[in-house]
Amino acid sequence: MSGRRLPKGGLIARDRLLRFEFDGKKFEGFAGDTLASALLGSGVSLVGRSFKYHRPRGILSAGCEEPNALVELRDGARLEPNTRATVAELYEGLRARSQNRWPSLGFDLGAINSLLSPIFVAGFYYKTFMWPARWWEKLYEPLIRRAAGLGRLGHEADPDGYEKSHLFCDVLVIGAGPAGLAAALAAGRSGARVVLCDEDFLPGGRLNGERMEVNGEAGSSFAAKAVAQLRAMPEVTLLTRTTLFGVYDGNTFGALERLADHKPVPHPGEVRHRYWKIVARRTVLSSGAMERPLVFDGNDRPGVMLSSAVRSYLNRFGVTPGRRAVVYTTCDDGWRSAFDLIGAGVEVAALIDARSDVVDSLLTEAKRHDLPVYRGSEVVGTHGRLRLSAISMREAGGRSRRISADLLSMCGGYNPNIALSTHLGSRPQWDADLDAFTAGTLPAGMAIVGAAAGEFTLAGALKHGAAAGLEAVRALGFSATSAPKFSVEEEVPASNKLMVAPHGGAKAFVDFQNDVTRADIELAAREGFRGAEHLKRYTTLGMATDQGKTSALNGHALMAAFTGRATADLGTIGSRPPYTPVAIGALAGAHRGSMYRPVRLTPGHEWARAAGASFVESGEWLRAQWFNAPGDKDWFDSVVREVKGVRSSAGICDVSTLGKIDVQGGDAAVFLDRIYANLISTLPTGKVRYGLMLREDGMVFDDGTAARFAENHFVLSTTTANASRVMQHLEFARQVLWPALDVQLSSVTDQWAQFAVAGPRSREVLAEVLKDAFDCSNAAFPYLGCAQFAWRGRTARLYRVSFSGELAYEIAVPAGAAEECLEALKQAGAPFDLIPYGLEALGVMRIEKGHAAGGELNGTTTARDLGLGKLMSGKKDYIGRVLAERPGLIDPNRAVLVGVKPVNAASRLYAGAHFVARGTAPTLENDQGFVSSVGYSPSLGHWIGLGFLNRGASRLGERMLAHDPVRSGDTEIEITTPCFYDPDGERLRS
């Protein structure tokens, strides 16, 4: 290949050529490349434009800390913005585009912002666009919104799949660098369940990017063998391409596994990302360290790169980032990059060390290579339009020098990567020996090792990691004899001096991603934003996806210098999850579209579908809304027909979705008395009672029935929407409030299919179905009775309750017998014109009868509001009793439930309309209540509704306006009692 690919070396597969595109141009790379290494190998240095000033930007790093090389990948529905080229694994056909430029990367009109930089200083958005105020919404805000953000969002539905999964382990090792591999090997040999996570597709960390040996072989070879050993251990799980992004309470961790990002398109059925929820008894954090950039004028120019990244591209990817290099360093580590560059055949024009004192061994090696060394010197600027062409330096004596170069390798020392240790609120601590912040109080069960703990030597990292892995499994009771041994060449711990110069040009960048300069930090100091947190928010230092990985410490050290404090005294900011960006799709998993909330089907679903049902989502369930029949022009005709059919003869409705909770135990009755507002303990066996539950604040929580089948056995029914919440409420009361009571609960909603048979002929239908199994005559089974018996060899339950206002029953059979029961009812009901009816007809009949339901049980109503105050027992205590007596809840002026009908029978009512007195303006001050539910009543021949009206009980017969400007304007209405149909209940008791 042409470009800057070395003729040999690296860990890429040179026999697997991969073609890709960048900004429409075709390039080639190899398997094992990242997009960044492939671009560098093809001679591409300019990859993007900066966020605020649109300055040319290149590749700074070789890892997840990359702030510059953010690109768009893929097209159409799979468009993915803001992907770091340094971690994007190359694949055949990859298509990438640069961002934040127009019309092209080489010629970007947005670069004019750089000329306007005196305006766009820190906090400019607080200080500008203030006048004239009338321009804000029409001009300023649209301009700001258009300029904000990086990358483009795709507008098509994401075609890829995501999933969630759980892992439980004894030891979790975070990071597969030298320390992490050593820890996993030591822990894995004990037989403990070990999970090793690493965000790279090639485990090994710096072993793959450095020229070092372990046990007499190349570090990369040692890493490959260690990985093979771990994969062979049955209790070890190795997750590559997996970023552990968050640490949470209870030793719980969030991790993102990228299963198909290295492929053009996931295979059929393959998920793209998997979100892992990992629970670990012990954790070893081996997240390594991140190199600090140096702050000088023009340090953001393409061709300026971190020293460790230079070595990674040379040794792992077989790429030289430049042909003539200068190395600028404040510590020993930068010298290693100079020697690696020379070893790769790259001309190193100069090594500039800001220190005056350098160890003799480094000077001797430099002399051996005829490397020009400048001690006590500094780089003060760079030159070049779209990439580096030269650097300017100031020698120790003050002399200036200009050196031509297309690569500047800079090293400002290393910061231990402690981000994950701070997610639970721990504050970093200053280590004066390291000149860096290290982890403070670690989360329970966590140990931190290797470079993340400030141990920067390879020998120390391996030893440290192995000891931590061994200690973790021993603490858990596993037998582990000894840690693995490693043979490594002796190293002298390198210096790690933090050096920042509080002087220089205006374009000395501290935060590359957010275009924060040294001048911005100086301005923040002058204007009083001197704390670490204030600095972040005023200048945007360390914000967005970067979270200060390469910028935070330099920025805080500069602020300390500007304000005459020590960096330790200024402090630093913590990190927060996610450590690196996580796709929203991964967090949602499969819960999107139709899978956002899995639809539950009733046991009678197929029977209803065959009967012509149109379905609607009702809570978690798919329920029949109405049944289409020949002659019905629309849904309205269907509903009217169903209501008339039930009122005149008989109908059947699937009510299996109602919550069903089995309550048993010696204290079951006592328990239910404390749950319900009305007495349940006095309920005779074989009877059903309407029950009302309140919340702690006195508001109505749910209503339903309690059926007593034996002295210590009750079955409760709840509304469909509140079934799970009522179960949680009862379990909380049982386990927390009254744990001493002898009571057990079981949700049996799914175990029983239940069907309402309603209408004046319903008893005849049931009698034909039950025959000798049960006597359902009025004398044997009166209103509000319940019974359990055998039917066709199965246990069945029968309740005589009514939601429609008609003579009605609810028959419950095991879910597996649902269709058999429905067919039996259908055949028995044929002579009586039995019809199926759905939710709409059921809703109409309950409004006709004045039953409160979803529109009325909205969380803001009391029992008295609903006309159910008489149910509130004065003989016992129960949940919500005390707060239900608050003055505001018993105020006689409160809105209470009333009935509503139009004065003109041809007028339509709408739920949500507000009550206002005739002749008054429809204002908030004149609002007297609202309509909560409406329906067309075939029984009455006009629309009716329920609503809440101030002092409604004393205003029956009053005429008002139902004000609804959105849909129909004003409708004159009359206030009535809530019960429109059979107010004395003669039909349901017949």
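Please refer to the structure higher up on the page.
Residues numbered from 1 in each chain as written. Predicted model: local features only at pLDDT ≥ 70, side-chain atom pairs only at ≥ 80, totals over all residues. Heavy atoms only, no water.

1. Re empty space enclosed by the protein
To locate leftover empty space, one rolls a probe as large as a water molecule over the atoms. Note the cut-off: Here the term cavity refers to a set of points on a 1 Å grid, laid over the protein atoms alone, in which a 1.4 Å probe fits but cannot get out; the term pocket refers to an open set having protein on both sides within 12 Å along at least five of seven lines, with lining residues being those that place an atom within 4 Å of a point. Grid points are joined across faces, edges and corners, and a volume is the space filled by probe spheres set on the points. Any residue that is not Ala, Val, Leu, Ile, Met, Phe, Trp, Tyr, Cys, Pro, Asp, Glu, Lys or Arg is counted as polar, Gly included; the first ten are nonpolar and the last four charged. A helix here means a DSSP run of H or I that spans at least four residues, while a strand means a run of E at least two residues long, and both kinds are numbered starting from the N terminus.
Per the stated rule, a full pass over the model turns up eight cavities of 30 Å³ or more. By volume, the largest cavity amounts to about 360 Å³. Along the walls of the largest cavity sit 19 residues, with Pro416, Ile418, Gly548, Lys549 and Ala552 positioned nearest its centre. In the lining of the largest cavity, the residues fall into 10 nonpolar, eight polar and one charged. In this structure, the second largest cavity spans a volume of roughly 170 Å³. Those elements that place two or more of their residues in the lining of the second largest cavity are α16 (605–610), β33 (621–627) and β34 (651–654). With four residues, β33 is the largest single contributor of residues to the lining of the second largest cavity.

2. Describing the packing of aromatic side chains
As a reminder of what qualifies: Here the aromatic set is Phe, Tyr and Trp, taking the six-membered ring for Trp, and pairing holds for ring centres within 6.5 Å; pairs whose planes are under 30 degrees apart are stacked, those over 60 apart are edge-to-face, and all others are tilted. Exposed residues in this analysis have more than 50% of their type's maximum accessible area, buried residues have under 20%, and partly exposed residues fall in between, with area computed by a 1.4 Å probe over protein chains only.
In total, this model carries 21 aromatic pairs according to the counting rule given. On the numbers, 5.8 Å between centres and 35 degrees between planes, the contact of Phe245 with Tyr275 is tilted. Note that Phe245 is positioned in strand β13 (residues 242–248) and Tyr275 in strand β15 (residues 273–285), a separation of 30 residues in sequence. The same class applies to Phe245 as to Tyr275, namely buried. Residues Phe930 and Phe948 carry aromatic rings whose centres are separated by 5.6 Å and whose planes lie at 40 degrees to one another, so their mutual orientation is tilted. With Phe930 in strand β47 (residues 929–937) and Phe948 in strand β48 (residues 942–950), the pair connects residues that are 18 residues apart, well separated along the chain.

3. Considerations on the sheet that holds strand β32 (residues 613–618)
Each strand in a sheet pairs with its neighbour through backbone hydrogen bonds, running either in the same direction (parallel) or in the opposite one (antiparallel). Quick reminder of the rule: For two strands to be treated as a pair, DSSP must find no fewer than two bridges joining them. Whether two residues touch is decided by their heavy atoms; if any such pair falls within 4.5 Å, the residues are in contact. Axis definition: a line fitted to C-alpha atoms, limited for helices to the stretch in contact. Angles are taken between N-to-C directions and run from 0 to 180 degrees.
Taken in spatial order, the three strands line up as β31-β33-β32 in an open sheet, and their pairing is mixed. Each edge of the open sheet carries a strand with a single partner, namely β31 (600–601) and β32. Sheet analysis places β32 next to β33, joined by six bridges and oriented antiparallel. Within β33, the residue paired with Ser618 across the bridge is Trp621. The sheet contacts of helix α22 (residues 839–849) involve β32 and β33, and relative to β33 the element is tilted by about 75 degrees.

4. What about the sheet that holds strand β7 (residues 94–98)?
Across the sheet, five strands lie side by side as β2-β1-β7-β5-β6; this open sheet has mixed pairing. The sheet terminates laterally at β2 (25–31) and β6 (80–84), the two strands that pair on one side only. For this sheet, the mean inter-axis angle between neighbouring strands, taken without regard to orientation, is 40 degrees.

5. Remarks on a nonpolar patch on the surface
The cut-off we apply is this: Patch definition: residues above 30% relative accessible area lacking any salt bridge, with like charges linked at up to 9 Å and the nonpolar side chains Val, Leu, Ile, Met, Phe, Trp and Tyr linked at up to 5 Å. Computed by Shrake-Rupley with a 1.4 Å probe, the accessible areas treat only the displayed protein chains as cover when residues are assessed. Counted as salt bridges are all cases of a side-chain nitrogen of Lys or Arg within 4 Å of a carboxyl oxygen of Asp or Glu.
Taken together, the side chains of Trp102, Phe107 and Leu109 define a hydrophobic patch exposed on the protein surface, amounting to about 380 Å² of accessible area. Position of Leu109 relative to the elements: it lies in the loop between β7 and α2 (112–115). Here Leu109 falls in the partly exposed class, since its relative accessible area comes to 43%.

6. Structural notes on the pattern of salt bridges
For the structure shown, the criterion picks out 60 salt bridges. The salt bridge involving Asp750 is made with Arg600; its shortest N-O contact spans 2.5 Å. One end of the pair, Asp750, is in the loop between β39 (744–747) and β40 (752–758); the other, Arg600, is in strand β31, and 150 residues separate them in sequence. Judged by relative accessible area, which is 44%, Asp750 ranks as partly exposed.

7. Structural notes on the pairing of β15
The side chains of a regular strand alternate, residue by residue, between the two faces of the sheet. Relative to β15, strand β8 (residues 162–174) is paired through 12 bridges, and the arrangement is parallel. Counted as the bridge partner of Glu163 is Arg274 from β15. The pairing of strand β14 (residues 252–258) with β15 spans seven bridges and is antiparallel. Counted as the bridge partner of Ala255 is Trp276 from β15. In the sheet, β15 pairs with strand β28 (residues 446–448) via three bridges, with the strands oriented parallel.

8. A short note on the side chain of Thr580
Relative to the helices and strands, Thr580 is located in the loop between α14 (567–570) and α15 (584–588). Assessed through its relative accessible area of 5%, Thr580 is described here as buried. Discounting residues that sit within four places of it in the chain, Thr580 has contacts with Cys64, Arg84, Thr243, Phe245 and Lys549.

9. Overview of helix α12 (residues 532–539)
The α-helix winds at 3.6 residues per turn, so residues separated by three or four positions along the chain end up facing the same way. Residues of α12 that are buried: Ala532, Leu535, Lys536, Tyr538 and Thr539. Of the residues trailing α12, Thr540 is marked for its positive phi of about 70 degrees.

10. Remarks on the state of the cysteines
Definition in use: Disulfide: a pair of cysteine sulfur atoms within 2.5 Å of each other.
For the structure on display, the rule yields zero disulfides. Take Cys776: it sits in no disulfide, and the sulfur closest to it among the cysteines is that of Cys821, at 13 Å. You can call Cys776 buried: its relative accessible area is 3%. Not engaged in a disulfide, the cysteine Cys979 finds its nearest cysteine sulfur in Cys653; these two sulfurs lie 20 Å apart.

11. Notes on the side chain of Arg734
Filter applied, for reference: Polar contacts, as counted here, are pairs of nitrogen or oxygen atoms within 3.5 Å of one another; within protein the pair requires one atom able to donate a hydrogen and one able to accept it, and residues that are adjacent in sequence qualify only if both atoms are side-chain atoms.
Considering the arrangement of structural elements, one finds Arg734 in helix α19 (residues 723–737). Accessibility expressed as a relative area gives 18% for Arg734, which makes it buried. Here the side chain of Arg734 touches Glu731 through a polar contact of 3.0 Å, side chain to side chain. If sequence neighbours within four positions are ignored, Arg734 has contacts with Phe671, Pro739, Val743, Gln744 and Leu745.

12. A short note on the environment of Ala566
With respect to the secondary-structure elements, Ala566 resides in the loop between α13 (552–562) and α14. Overall, Ala566 belongs to the partly exposed group, its relative accessible area being 37%. Put simply, Ala566 and His556 are 10 residues apart on the chain and 9.7 Å apart in space, counted from C-alpha to C-alpha.

13. Examining the pairing of strand β43 (residues 808–814)
Among the seven residues in β43, six count as buried, and that is most of the element. As judged from the seven bridges shared by β40 and β43, these two strands associate in the antiparallel manner. By the bridge assignment for β43, Ala758 is matched with Ala808. Strand direction decides the pairing type here: strand β42 (residues 794–799) and β43, joined by three bridges, are antiparallel.

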